[in-house]
Amino acid sequence: RCPYMAKITTGYDILTGMQKQEAIGYFETYQEALDALSIYNLSNSKTLPQEALKTLGSNMYHAVMDYKDRQLPTFSEIFDKVFEKDMTSLSPQRQAAYKSSFKRLSSLHHKKINTISLFDLQAEFDKSKKDVKQKTLYDMKSLCTKVFEYAVIHQYIPRDNDYTSYIDTKQKDMNTKSDKHKSFSMDEIKALKSDNSIEAKVVLTYILTGCRPIELFGLSKKQIHIDELSNDNGEETMISYIVTGSKTKSGKNRCIPIHNEIKPYIFDVLKRLKNNKDVASYRYNIFDPVMKRIRLNHLPYDTRHTFATLAKLYKVDDFARKRIMGHKSADLTDDVYTHTLKNELYDEIQKIKI
């Protein structure tokens, strides 16, 4: 009943040069097949809107669109391409995080990218909210954004069909303060001092600088200043400090004064940290072994929480604490007009007593 086949060229044989062709549909008349080819070419050139193409012939239009839909990749197929292109250069930990996030989106794997709705996406996120951490939801959204961005760039879907920016990742209890991180107690800090190993000294250094773990990895000599004369507040003082930082504009390239407690072994600590490339290796090689040996139950970021607690306990100036930790001040005047004085930061951090 439909003896006329509309075919398109998909490529050429590398040896013979002959065309490779695929059928986009079968039609009752020669003219319908010819019209189908015209609709196919017009839809690719985007010279006419979809509604206008439908008016040229409903049967031919649907045949063409069905063919084009069959050629579109699935969510899983695009993820494989994105992973190969953008994620193989990431750390093993980040690669594992993206693979884990991909597994959680299992209902999307075999769906054509143009058939995935915001409802489909949100359903997966709502299901995961019950048993994952907030960071995992952010990783899942990042993955979806990369997949849909790839689909838009390669014209599998129009830009308006990228719904990823509307995905709600907020958990119901987000406003509830997390008890995941806890500060070291004074007795635990004393236990670290008594241990006296280089690993314990590393942990003490993080406690008394308030640094994120990565901020002390691989520092150069130019970033470390020991017993340097400074008179930025009008008084000539011998101070020691580190210039480092990460993550935010407020946190980068900031001055972190060195507490007198850690000054004698700061170079040994930085040397011990030199070969750590990420938080996972630091935790495996340094942090967890000393926690196990002293029988403490903490996570690497607990040291940063401990610094904030000690600073409050010993009445370190609030502006100085935020500058040392790399936090943005809530007071715009502080951030814009107040200059950081190294002498004052150094004096403030010495208020903390162990």
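Our subject is the structure listed above.
Reading the values: rules and limits
Residues numbered from 1 in each chain as written. Predicted model: local features only at pLDDT ≥ 70, side-chain atom pairs only at ≥ 80, totals over all residues. Heavy atoms only, no water. Helix = DSSP H or I, 4+ residues; strand = E, 2+ residues; numbered from the N terminus. Buried < 20%, exposed > 50% of the residue type's maximum accessible area, 1.4 Å probe, protein only. Contact = heavy atoms within 4.5 Å. Areas by Shrake-Rupley, 256 points an atom, 1.4 Å probe, with all protein chains shown as cover. Phe/Tyr/Trp six-rings, centres within 6.5 Å; stacked < 30°, edge-to-face > 60°. Lys NZ or Arg CZ within 6 Å of the ring centre and 35° of its normal.

Enquirer: How would you summarise the overall build of the chain if you had to cite specific residues and measurements?
Expert: Of regular secondary structure, the chain possesses 15 helices and five strands. A total of 354 residues make up the chain; the buried ones form 41% of that total. Nonlocal contacts in the chain, meaning residues at least 24 apart in sequence, comprise 62% of its contacts between residues at least 6 apart. In the form shown here, the chain has an accessible surface area of approximately 21000 Å², with 51% of it arising from carbon and sulfur atoms.

Enquirer: Tell me about helix H13 (residues 318–325), and name the residues and values.
Expert: For H13, a buried count of seven out of eight residues is recorded, marking the element as mostly surrounded by other parts of the structure. Within H13 the residues assigned to the buried category are Phe 319, Ala 320, Arg 321, Lys 322, Arg 323, Ile 324 and Met 325. Gly 326 occupies a position one or two residues after H13 and carries a positive phi of about 80°.

Enquirer: With reference to specific residues and values, describe the packing of aromatic side chains.
Expert: Counted according to the given criterion, the structure contains seven aromatic pairs. Taken together, a centroid distance of 5.7 Å and an interplanar angle of 45° make the contact between Phe 79 and Phe 83 tilted. You can see Phe 79 and its partner Phe 83 sitting in helix H4 (residues 75–87), four residues apart, about one turn around the helix. Assessed through its relative accessible area of 5%, Phe 79 is described here as buried. A ring pair is formed by Phe 217 and Tyr 282, whose centres lie 6.1 Å apart and whose planes are at 55°; its orientation type is tilted. With Phe 217 in the loop between helix H9 (198–209) and strand S3 (224–230) and Tyr 282 in helix H11 (residues 279–294), this pair connects stretches of sequence that are 65 residues apart. Look at Phe 217 and you get buried, because its relative accessible area is 12%. Given the relative accessible area of 0%, Tyr 282 is considered buried. Each residue in the set Phe 75, Phe 79, Phe 83 and Phe 102 is aromatic and connected to the rest through ring pairs, giving one cluster. Over the aromatic face of Tyr 98 sits the side chain of Arg 94, whose NZ or CZ is 5.1 Å from the ring centroid.

Fair warning: the whole summary comes from geometry, so function is off the table for now.
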